[in-house]
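Observations on the three-dimensional arrangement
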Amino acid sequence: MKFIDSHCHFDFDAFQPDRAQIWQRCINSGVTRLIIPGVCRAQWHPLTALTGSQSGWYGAAGIHPWWVAKESNPDGSLIQPEALGWALSDYLNSNHCVAVGECGLDAAIETPIEIQEAVFRVQLEVASEFELPLILHVHRTHNEVLKLLKQFRLPRGGVIHAFSGSEQMAMDYWKMGFYLGIGGTITYARAAKTRRTVSQLPIESLVLESDAPDMPISGRQGLRNSPENLPLIAAELAKLRGVSLQDIADKTQNNTEILFSL
Ligand SMILES: [Zn+2]
């Protein structure tokens, strides 16, 4: 049985001490491929160097909403969104990436939403121009993001990472070519709405993700999350949908291959 982790920050320092050992345990548990999102300009090159060092690791490039306020000029002023867009285009012209992202809007952080949106818009333009899928971070901003996605021509769609929400919202995204990233949230009994939603959605719309080192599964709160836990999320999804683990593994792997053209 094979799995692809569609969203794992495996380049983060949290994995520095034992990345090779974790990867070996991933392989042993069937997790044989990882998609590693971009988060800020300074991280793109090191990420590409990392993904180039191991087959089965794929990188993306983008500016995560949490990093938007850190993209500054030497004098401390924020870099113009257009300049970030040029930097991203330049990068994609000379480096292989499977997606644009992680990008999006987050209503729970201090960075004003207008500033986040300006940086998000240039990334939507770049994704459209390069015909790449998007990895989206959407936190309490579904209406705003859906509105923007309708404005842009996004030939490859993308994925709503760490999806939680209603079936209607999921279907709105799916109709626009966006997959739903299913992660550790579904292992928590209190996430009743999301658990119900993922049991109803078309299997063709779902991909699995750990979001490691964040989003630990139920029972492991406060601990570093790891992509080797992905089969536990898959097992929960199989249980919720009343199907076999093999079925979930096969179908989500196929979906992820289509989404990122692996
Ligand atoms: Zn992420």
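Each remark here, short or long, concerns the structure printed above.
What comes next concerns the included structure.

Quick notes on the rules
- Residues numbered from 1 in each chain as written.
- Predicted model: local features only at pLDDT ≥ 70, side-chain atom pairs only at ≥ 80, totals over all residues.
- Heavy atoms only, no water.
- Salt bridge = Lys/Arg side-chain N within 4 Å of Asp/Glu carboxyl O.
- Helix = DSSP H or I, 4+ residues; strand = E, 2+ residues; numbered from the N terminus.
- Buried < 20%, exposed > 50% of the residue type's maximum accessible area, 1.4 Å probe, protein only.
- Axes fitted to C-alpha atoms, helices over the stretch in contact; angles between N-to-C directions.
- Parallel < 35°, antiparallel > 145°, perpendicular 65-115°, else oblique.
- Left-handed = near helix turned anticlockwise from the far one by under 90°.
- Contact = heavy atoms within 4.5 Å.
- Pairing = 2+ DSSP bridges.
- Right-handed = clockwise from strand over helix to strand, strands pointing away.

A closer look at the pattern of salt bridges
According to the stated counting rule, one finds eight salt bridges in the structure shown. In this structure, the salt-bridge partner of Arg195 is Glu236, at a minimum N-O distance of 2.9 Å. Taken together, the residues Arg195 in helix H7 (residues 192-200) and Glu236 in helix H8 (residues 230-241) connect sequence positions 41 residues apart. With relative accessibility at 14%, the residue Glu236 sits in the buried group. Each of Arg195, Glu236 and Lys239 takes part in a single network of salt bridges with overlapping partners.

Let's talk about the packing of helix H3 (residues 81-94) against helix H4 (residues 113-130)
Closest axis-to-axis distance for the H3/H4 pair is 9 Å, and the angle between their directions is 30°. The angle between the axes of H3 and H4 places the two elements in the roughly parallel class. In the crossing of H3 with H4, the sense of the turn from one axis to the other is right-handed. From H3, Pro81, Glu82, Leu84, Gly85, Leu88, Ser89, Leu92 and Asn93 reach across to H4, where they touch Ala118, Val119, Val122, Gln123, Val126, Glu129 and Phe130.

Quick word on the pairing of strand E7 (residues 178-182)
Counting buried positions along E7 gives five out of five residues, so the element sits mostly inside the fold. Side chains of E7 alternate between two faces, with Phe178, Leu180 and Ile182 and Tyr179 and Gly181 buried alike. The pairing of strand E6 (residues 158-160) with E7 spans three bridges and is parallel. Bridge pairing in E7 links Val159 to Tyr179. Of the crossover connections in this fold, the one passing from E6 over helix H6 (residues 167-175) to the parallel E7 is right-handed. By the bridge criterion, three bridges tie E7 to strand E8 (residues 206-208) in an arrangement that is parallel.

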